Amino acid sequence: MNLLAYDFVQRALLAAFVTGLAAPAVGTYLVQRRQALMGDGIGHVAVTGVAVGLFTGSSPTIAAVVVAVLAAVLIEIVRDRGAASGDVALALLFYGGIAGGVLITGLAGQNVATLNTYLFGSITTVAVGDLWVTSALAVVVVACAVGLAPRLFAVTQDPEFARVAGLRVRAYGLLVAVLAAVTVTVAMRTVGLLLVSALMVVPVATAQQLTRTFRDTLLVAMVLGTAASVGGVLVSTTVDVAPGATIVLLALAGFALAFPVGAWARRQRRRAEPFQPVADPFDLADPHTVEEHDHLHGPECGHPAVLHDDHVDYIHDGHRHAPHGAHYDEH
Amino acid sequence: MLTKGSGAVSTPSTPTAVLAMRGGCVELGGRPVLRGVDLTVTERELVAILGANGSGKSTLVRALLGLLTLQRGEVELFGSPVGRFRQWRRIGYVPQRTSAGAGVPASVREVVATGRLAARPPLRPMRSSDREHVRAAIEAVGLTDRARDSVASLSGGQQQRVLIARALAGDPDLLVLDEPTAGVDLTHQEALAEVVGRLVDRGRTIVLVAHDMGPLEPLIARTVVMRDGRVAYDGPPLPAFQHTPHHHHPHDDSRRPDSPHRVELGTPIDRPIEGGRPR
Ligand SMILES: Nc1ncnc2c1ncn2[C@@H]1O[C@H](COP(=O)(O)OP(=O)(O)OP(=O)(O)O)[C@@H](O)[C@H]1O
Ligand SMILES: [Mg+2]
Ligand SMILES: [Zn+2]
Ligand SMILES: [Zn+2]
Ligand SMILES: [Zn+2]
Ligand SMILES: [Zn+2]
């Protein structure tokens, strides 16, 4: 049998290829910002977008892009405000998104199977029009993630420093959020909305086991993501399961292989480190600062007290400590 | 637009103000942290900002750099209000120990290279002059042999030196350092003092927050002491601020371990008191 000769398989493989490149590229910045689950949240909200598309009879892809971008911008604003209740607000948004999606799909008279193809991917339903939209969006995402890498890296690595370097931190933060939203919709037909986050995060986690630089992590993650994505679609053409499952399981298998290698390499590196000399804890010339005292010395504090001329010294951590007014002396 | 180096017109008689805060008030979490601070730093000055923990040193520095908005008062950088300031390439900043590592591994060179971004147009690769500045900055903090290693694998003091190198890489006219030597060993503090000395010689301006001047002490001609969000002192260094654990007792002339005054437990005048209770 030659499944590759089928048009729909070729379309699915192309979609998997661009998804595999784009998802880890954006995922690297999300991991850097410690927002590994952001893709998951946007994916949930995008379900509503898909449902709106089905309901109105317009393109579910376009509707999902619009809703996902709106959600991502909202998430970024909440994050930027640093509001304490932000976490809960996001949870409400995510669950509202998926519940609303299921409801609207029902109202649209579509059965759950239709929605499932968006939730877990489907290789048989990638239409030609969808493919062009998806590929164009993926190219934009990869171009931004790689082309702007130095700036995006600086902004996500240390936002305060980036601001003093004159970078528009807020604008770049919004850009990362929008790129994440677009990636979610790009990945919708291959891994599906509920598993897209795995393709954004797992290849990055795998790459980290093997790399020491940000650039290498980004590139290795993109290679691993593409391999998992294309491989997963190929597997799902032979066994009849949703490609989302096979793609994510392949990516996880990659992690399972890389983790012991990384752990071994880290141990080797640590062994190669020269032995760090320890400062002599009894060297009185060591600077001794007020913060090192968690209590006021006194009769009850348990430190040995020594009468010294007209006052009392307390002995702790190798020195003699003499309270004197609001500060202390050392004798 | 003014370009780097040309600065504003400066004549020897009226030195240009590089940093100026007038009546600066900042609130954090609903609490006043800076209360009416006036501070002007002129070209070629090296100013040390001192004060207890929580006295507002970092807040002052962050407000001066436009990272915090003032409730009242105003800040000018190189003569323009901070909101309209655009020549960020003229400023280098070493924030107070934020961990240099983050979620994804990054090499020392990558982190230091972000110090060149202000001088680089977007979407343009590093030029050879950028690379040279990065190399020199890494060398200045003595991390050349670790340049390709992940920052997360370095010790705390080494990570602090990465942050210093990042600020040096931009070759700034104004260098703002918030406790740059915290956790840095004496050898590398001396190396930093040498670098700072060279920058001062080349006419750069330096604002330094520190608890312990260490080897930088001889370079410092002006100290600003913060207390409870106010400037408590502004002038030449006072002896009291130079030696933090200071001495009032006539018997205490030295706290060095080899000092003859250092008495051991059990000598007649220093007998331990039973139960730790003074009599
Ligand atoms: N984000 C914040 N929200 C509320 N209060 C804050 C915040 N940041 C700092 N403060 C308060 O502002 C005061 C001054 O803080 P600041 O960091 O400027 O002190 P500092 O002089 O730099 O101290 P240190 O020597 O420890 O670095 C402190 O009392 C601190 O509790
Ligand atoms: Mg501080
Ligand atoms: Zn005690
Ligand atoms: Zn003590
Ligand atoms: Zn004493
Ligand atoms: Zn005293």
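Treat the numbers as computed from the prediction; the structure is a model and nothing was measured. (Residues numbered from 1 in each chain as written. Chains lettered and ligands numbered in written order. Predicted model: local features only at pLDDT ≥ 70, side-chain atom pairs only at ≥ 80, totals over all residues. Heavy atoms only, no water.)

Enquirer: What is the right way to look at helix 1 (residues 7-32) of chain A in this model?
Expert: In an α-helix, one turn spans 3.6 residues; hence positions three or four apart end up facing the same way. In this model helix 1 of chain A runs 38 Å from its N-terminal to its C-terminal C-alpha over 26 residues, within 8% of the 38 Å that 1.5 Å per residue would give. For helix 1 of chain A, the buried fraction is high: 19 of the 26 residues fall into the buried class. (Helix = DSSP H or I, 4+ residues; strand = E, 2+ residues; numbered from the N terminus. Expected span 1.5 Å × (residues − 1). Buried < 20%, exposed > 50% of the residue type's maximum accessible area, 1.4 Å probe, protein only.)

Enquirer: Mind showing me how you'd approach the environment of Gly-23 of chain B here?
Expert: All names here are of chain B. By the secondary structure assignment, Gly-23 is in strand 1 (residues 17-28). Taking C-alpha positions, Gly-23 is 4.5 Å from Gly-73, a pair spaced 50 residues apart along the chain. Other than its neighbours up to four places away in sequence, Gly-23 contacts Gly-36, Val-37, Asp-38, Arg-72 and Gly-73. (Contact = heavy atoms within 4.5 Å.)

Enquirer: What exactly am I supposed to notice about the packing of aromatic side chains here?
Expert: Geometry of an aromatic ring pair is reported as the spacing of the ring centres plus the angle between the planes. All names here are of chain A. Evaluated as defined, the whole model comprises five aromatic pairs over all chains. Seen in terms of ring centroids, Phe-153 and Phe-214 are 4.7 Å apart; in terms of plane orientation they differ by 45°. Their pairing is tilted. One end of the pair, Phe-153, is in helix 7 (residues 149-157); the other, Phe-214, is in helix 11 (residues 214-238), and 61 residues separate them in sequence. Comparing Phe-153 with Phe-214 shows no difference in burial state: the two are buried. Between Phe-255 and Phe-259 the ring centres are 5.8 Å apart and the planes differ by 35°, which places this aromatic pair in the tilted class. With Phe-255 and Phe-259 both in helix 12 (residues 243-272), this residue pair falls four residues apart, about one helical turn. What makes Phe-255 partly exposed here is its relative accessible area of 27%. (Phe/Tyr/Trp six-rings, centres within 6.5 Å; stacked < 30°, edge-to-face > 60°.)

Enquirer: Please explain the site of ligand 1 as it appears in this structure.
Expert: Residue and element names in this part refer to chain B. The full set close to ligand 1 counts 15 residues, and Asn-53, Lys-57, Ser-58, Thr-59 and Gln-96 are the nearest of them. Here Asn-53 contributes a side-chain N or O atom positioned 2.8 Å from an oxygen atom of ligand 1. Ser-58 is positioned with one of its side-chain polar atoms (N or O) 2.7 Å from an oxygen atom of ligand 1. Protein contact buries 62% of the 630 Å² of open area that ligand 1 shows by itself. If you list the elements that add at least two residues to the shell around ligand 1, you get strand 2 (31-42) and helix 1 (57-64). Classifying every residue of the shell around ligand 1 gives three nonpolar, nine polar and three charged. (Near = heavy atom within 4 Å. Polar contact = N/O pair within 3.5 Å; in protein donor to acceptor, adjacent residues only side chain to side chain. Areas by Shrake-Rupley, 256 points an atom, 1.4 Å probe, with all protein chains shown as cover. Nonpolar A, V, L, I, M, F, W, Y, C, P; charged D, E, K, R; others polar.)

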